Amino acid sequence: MARTREFDTEAAVSRAMNLFWVRGYEATSVRDLTQELGIGQGSLYAAFGDKEGLYRAALEHYRTTLAADALRSLKEGADTRSAIRGMLLGRIRLGAEGGGRGCLAVNAACERLPQDPSVRRVVRDMQDASRDALAEVLRVAMERGEIAARQDPYTLAGFLVTFLNGLLVSSKITPEVRTLEPLVEVALAALG
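Residues numbered from 1 in each chain as written. Predicted model: local features only at pLDDT ≥ 70, side-chain atom pairs only at ≥ 80, totals over all residues. Heavy atoms only, no water.

Participant: Tell me what's going on with the overall build of the chain, and back it up with residues and numbers.
Facilitator: The secondary structure content of the chain amounts to nine helices and zero strands. Along its sequence from the N terminus, the chain presents helices and strands in the succession α-α-α-α-α-α-α-α-α. Taken over the C-alpha atoms alone, the chain extends approximately 65 × 35 × 30 Å along its principal axes. Accessible surface, the chain as shown: approximately 9,800 Å² in total, 51% of it carbon and sulfur. Charge separation in the chain, taken as the distance between the mean sites of 25 positive and 25 negative side-chain charges, equals 2 Å. (Helix = DSSP H or I, 4+ residues; strand = E, 2+ residues; numbered from the N terminus. Areas by Shrake-Rupley, 256 points an atom, 1.4 Å probe, with all protein chains shown as cover. Lys, Arg positive; Asp, Glu negative; His and termini not counted. Charge placed at Lys NZ, Arg CZ, Asp CG, Glu CD.)

Participant: Could you give an account of the nonpolar core, naming the residues involved and the relevant values?
Facilitator: Nonpolar side chains in soluble globular proteins tend to end up buried together. Counting residues in hydrophobic clusters, the biggest one holds 60 residues, and the most contacted among them are Phe20, Leu54, Tyr62 and Ile84. The greatest single-element share of this core, amounting to eleven residues, is contributed by helix H7 (residues 117-144). (Core = buried A, V, L, I, M, F, W, Y, C linked by side-chain atoms within 4.5 Å. Buried < 20%, exposed > 50% of the residue type's maximum accessible area, 1.4 Å probe, protein only.)

Participant: Describe in detail helix H1 (residues 9-23), supporting the description with residues and values.
Facilitator: Residues three or four positions apart in an α-helix share a direction because the helix packs 3.6 residues into each turn. Helix length check: H1 (15 residues) gives 21 Å between terminal C-alpha atoms against 21 Å at 1.5 Å per residue, within 8%. Taken together, the buried residues of H1 touch helix H2 (30-37), helix H3 (41-48), helix H4 (51-76), helix H5 (80-100) and helix H6 (104-112). For H1, the side-chain oxygen to backbone nitrogen distance between the N-cap and glutamate 10 is 3.1 Å, and the N-cap itself is aspartate 8. (Expected span 1.5 Å × (residues − 1). Contact = heavy atoms within 4.5 Å. Polar contact = N/O pair within 3.5 Å; in protein donor to acceptor, adjacent residues only side chain to side chain.)

Participant: So, the packing of helix H8 (residues 153-173) against helix H9 (residues 177-188): which residues are in play, and what are the values?
Facilitator: Running from N to C, H8 and H9 point in directions that differ by 165°, and their axes come no closer than 11 Å. By the angle between their directions, the pair H8 and H9 is classed as roughly antiparallel. By crossing handedness, the relation of H8 to H9 is classed as right-handed. Here Phe159, Leu160, Phe163, Leu167, Ser170 and Ser171 of H8 come into contact with H9, specifically with Leu180, Leu183, Val184 and Ala187. (Axes fitted to C-alpha atoms, helices over the stretch in contact; angles between N-to-C directions. Parallel < 35°, antiparallel > 145°, perpendicular 65-115°, else oblique. Left-handed = near helix turned anticlockwise from the far one by under 90°.)

Participant: Could you give me a rundown of the packing of aromatic side chains, with the residues and numbers involved?
Facilitator: Each aromatic ring pair is described using two quantities: the centre-to-centre distance and the angle formed by the ring planes. Inspection of the entire model under this criterion finds five aromatic pairs. For the pair phenylalanine 20 and tyrosine 55, a centre-to-centre distance of 4.8 Å together with 80° between the ring planes defines the contact as edge-to-face. Placement of phenylalanine 20 in helix H1 and of tyrosine 55 in helix H4 is noted, with a sequence separation of 35 residues between them. Per residue, the accessibility class of phenylalanine 20 equals that of tyrosine 55, and both read buried. Members of the aromatic cluster, connected to one another through ring pairs, are Phe20, Tyr25 and Tyr55. We note arginine 101 situated over the ring of tryptophan 21; from NZ or CZ to the ring centre the distance is 3.5 Å. Stacked on the ring of tyrosine 25, the Lys or Arg arginine 112 has its end atom at 4.0 Å from the ring centre. (Phe/Tyr/Trp six-rings, centres within 6.5 Å; stacked < 30°, edge-to-face > 60°. Lys NZ or Arg CZ within 6 Å of the ring centre and 35° of its normal.)

Everything listed here is a matter of coordinates, which is why it stays silent on function.
Structure, rendered in structure tokens:
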């Protein structure tokens, strides 16, 4: 008779996400994971296949929680410029926390690409979702006359995502919100 899983998988993925976020994939051992999650190695392998499987689950958890929250707040903002500013500033704060842990997705791209195609897919899906959400917000704002229609909304959204990625890498180097915040105003100038 098969044993029933004796731990909360979602809570385990959340704790693993935080460990990978702080240490990175390579510096996190299976032993580190089992200690952090309070489970045996056999349970980890039964639930996730291997360390890579748990890492992918952690990235997916990040995508469906923190990244999804940022997009939701962007779509719910009344004033486009303020909503984009708020989203960018929120991501700076998140990236600068913990002494500069950055963004899990950007960290994954820097550490695991190009050799890990499954991580590339997850990170690309996150970036595509961000760009598409921003493009739609920008398109509507252009139609309303809130921002200048000098640029294609999709291209402008791509610029903002690229800017944000660079900003999140910078948050690892200089984890000081007050140093990074003024850069957001420079990016917002592209909105016209």
